[in-house]
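# A structural walkthrough
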Amino acid sequence: MSNRYLSIENVDMTFYAKGTQSQVLKGIDLTVDRGEYISIIGHSGCGKSTLLNIVAGLTESTSGAVILDGKEVNSPGPDRSVVFQNHSLLPWLTVYENVALAVNKTCRTKSKAERHAWIVKNLEMVGMGHALDKRPAEISGGMKQRVGIARALAMEPKVLLLDEPFGALDALTRAHLQEEVMRIQDELGNTVIMITHDVDEAVLLSDRIVMLTNGPSARIGEILDIDLPRPRDRIALADDPRYNHYRQEVLRFLYEKQRKVESLAQRRGAVGEKEKDEKEKAKEKRMAKA
Amino acid sequence: MSSVQRSNTLAKPAALAWAPDFIALQQVVVQRVLPPVVILALLGILWELLCSSPGAVLPPPSQVLRDTWELIANPFYDHGGNDVGMAWQILASLERVAYGYSLAVVAGIALGVLVGQSTWAMRGLDPVFQVLRTVPPLAWLPISLAGFQDSTPSAIFVIFITAIWPIIINTSVGIRNIPEDYRNVARVLRLNGMEYFTRIMLPAAAPYIFSGLRIGVGLSWLAIVAAEMLIGGVGIGFFIWDAWNASMISDIILALVYVGIVGFVLDRLVAFIGNRVTRGTAQG
């Protein structure tokens, strides 16, 4: 029962726009165990976010299915809470009210006092207990993302979906938040799917890394198991041969195996250019003769 | 050394607690109050000089004050009929604006939400709005007199039809510009229609809506004066027309000053409410 907690089955995604169709995802198959931390990595534009949106229910797949805990996903819901890349807090609400909006909507059965305690507890967990009455405009980007994480956690989701959660942050803040996410993950044992384009982040945080090939029609290229003991320490791991091996694996996939496709396309483009150049030269010659 | 400093800073606020307030007040007076007062005085002097010559057709400010002192001193007299104080005239106009503008706010926001939410409604209604909104306010008066057969509802209708367009257009733009992220948050939380409307849509569009409301209140005040000139009865517009017919130029000038001040106050009032409602978080 514990395995196949979440399964993504043969998901295809094709967008139709102005008469042309473009296939973004092709035959995505993935199963995620309860409490597992999965990263999805790939070059930009390969359809990572589309895949996450399909799991979230925000986008409907063209074919295939997403099944979570025995039920098919076909609309968004609080059991799959999303931390969006640009925090997406509501600027007219305070930090507390932003989380309260989610809690009051999802925990109807709890009493008012219980809900209050739950909101404060989640904000304290991400280290934002001191800023309950601040508005999003008054706190830093890292703090906003902390609140976004608190909001998502407060819904007690079956799966936590992180869409490049640290992408917009500076490197130091990002490292700090990664530590927090690992600590919270140890504490709560959430099932997490994270979109990222940061190799270190993927290796440090994940149990498995899912590598997508370049689009169009992106597929799962490889899945890498990260067999490193937790809790993980980034400083100790920096010198760990296994860690570096995993890093290298991902880098090799992204920059050797997947770059080939791109460079082929580029070369084809370059050839085209060359031909054009020669044609032009020939034209010039003819004109010169005349 | 450091302890001496600390005791100094501790002693300071107790002894000179009033000083920062006083300095701040002084700064406000010098920076904010002084410039308009100086400019007003200069303009008054210029006006006085221009209109003091024997051949001047318009009265200088000193004469305006002398002629209208009765009106300024007793704004609330009531001699029956149209012969009432300036305060009553302005209040009569404000009452019409209040009715017409309130209707425009309710209808304008509702239509704006509809047009902002539904692409079909936008395609259907937008051309109609774009044509109708260019019709000058007074052009509506004859048709509304014909329709209502009475002057008061006609004046209210003119206010309504003048103020509604900027409210509709700004509301719909505000709704259209709600970031996709907020919609996604609402979808993940499974907010229902009413919750989405009150918790996400109205606050997110509020800055736009209030800029529409502000333009609308300005336009309705512009329109009421013109409309009242034509429909008669009590009201600042008709007061001006009446003064013109009686060749009381000073009364007209006084009325213009009052109209300007009331219009300014209305504008600031809506801006103030907007600021309070959006809590100063315009967009961010």
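The coordinates are above.
All of the points below concern the structure found in this document.

Cut-offs applied
- In this numbering scheme, every chain counts its residues from 1 along its sequence in written order.
- Whichever chain is written first is A, and whichever ligand is written first is 1; the rest continue in order.
- In view of the model being predicted, local features appear only for residues whose pLDDT reaches at least 70, and side-chain atom pairs are presented and counted only at 80 or more, with totals across whole chains, interfaces and linings using the full set of residues.
- With hydrogens and water stripped out, all remaining heavy atoms of the structure feed into the side-chain values.
- Each aromatic pair joins two rings of Phe, Tyr and Trp (for Trp, the six-membered one) with centres within 6.5 Å, and gets the label stacked for planes under 30 degrees apart, edge-to-face for over 60, and tilted for any other angle.
- Secondary structure elements follow DSSP: runs of H or I of four or more residues count as helices, runs of E of two or more count as strands, with numbering from the N terminus.
- Here's how the labels work: a residue is buried when its accessible area is under 20% of the maximum for its type, exposed when over 50%, partly exposed in between, all with a 1.4 Å probe on protein chains only.
- The term salt bridge refers to a side-chain nitrogen of Lys or Arg lying within 4 Å of a carboxyl oxygen of Asp or Glu.
- The pairing criterion is simple: DSSP has to find at least two bridges between the two strands.
- Contacts are assigned to residue pairs with any non-hydrogen atoms lying within 4.5 Å of each other.
- Note on geometry: axes are C-alpha line fits, over the in-contact stretch for helices, and angles between N-to-C directions span 0 to 180 degrees.

### Quick look at the packing of aromatic side chains
All names here are of chain B.
- Going through the model one piece at a time under the given rule, you end up with six aromatic pairs over all chains.
- Ring geometry for Phe129 versus Trp165: centroids 5.6 Å apart, planes at 50 degrees, classification tilted. Here Phe129 is found in helix H5 (residues 119-132), whereas its partner Trp165 is found in helix H7 (residues 151-176), with 36 residues between them in sequence. In this pair, the class of Phe129 matches that of Trp165, namely buried.
- When the centroid spacing of 6.1 Å and the interplanar angle of 75 degrees are considered together, the rings of Trp140 and Phe157 count as edge-to-face. Within this pair, whereas Trp140 is found in helix H6 (residues 140-148), its partner Phe157 is found in helix H7, the two being separated by 17 residues in sequence.

### Considering the pattern of salt bridges
Residues and elements named next belong to chain A.
- One pass over the full model with this rule turns up 16 salt bridges over all chains.
- One salt bridge connects Asp198 with Arg174, and the closest N-O pair in it is separated by 3.2 Å. With a gap of 24 residues between them, Asp198 in the loop between strand E8 (191-196) and helix H6 (199-205) and Arg174 in helix H5 (residues 171-188) connect regions that are remote in the sequence.
- For Asp198, a relative accessible area of 18% translates into the label buried.
- Judged by relative accessible area, which is 22%, Arg174 ranks as partly exposed.
- Put simply, Arg252 and Glu256 hold a salt bridge, and the shortest N to O gap is 3.8 Å. Here the residue Arg252 and the residue Glu256 both occupy positions in helix H8 (residues 241-289), the gap between them amounting to four residues, near one helical turn.
- The exposure class assigned to Glu256 is partly exposed, which follows from its relative accessible area of 48%.
- Because the salt bridges share partners, they merge into one network encompassing Arg146, Glu180, Arg183 and Glu187.

### Focus: the sheet that holds strand E5 (residues 71-72) of chain A
Residues and elements named next belong to chain A.
- Strands sit in the order E2-E1-E4-E5 across an open sheet of four strands; the sheet is antiparallel. Two strands in the sheet have a free side with no partner beyond their single neighbour: strand E2 (20-32) and E5.
- For strand E4 (residues 63-68) and E5, the ladder comprises two bridges, and the chain directions are antiparallel. Residue Ile67 lies in a different strand from E5, and its bridge partner there is Glu72.
- Across the face of the sheet, helix H1 (residues 48-56) comes into contact with strand E1 (6-17), E2 and E4 while running at roughly 115 degrees to E1.

### Re the sheet that holds strand E6 (residues 80-83) of chain A
All names here are of chain A.
- The strand order across the open sheet built from six strands is E6-E7-E8-E3-E9-E10, with neighbouring strands paired in mixed fashion. Of all strands in the sheet, those with a lone pairing partner are E6 and strand E10 (220-225), marking the two edges. Between one strand and the next, the sheet's axes are offset by a mean angle of 20 degrees, whatever the strand orientation.
- With five bridges connecting them, strand E3 (residues 37-41) and E8 associate as parallel partners. Bridge pairing links Tyr37 to Val192 in E8.
- Set on the sheet, helix H4 (residues 141-154) makes contact with E6 and strand E7 (159-163); between it and E6 the angle comes to about 180 degrees.

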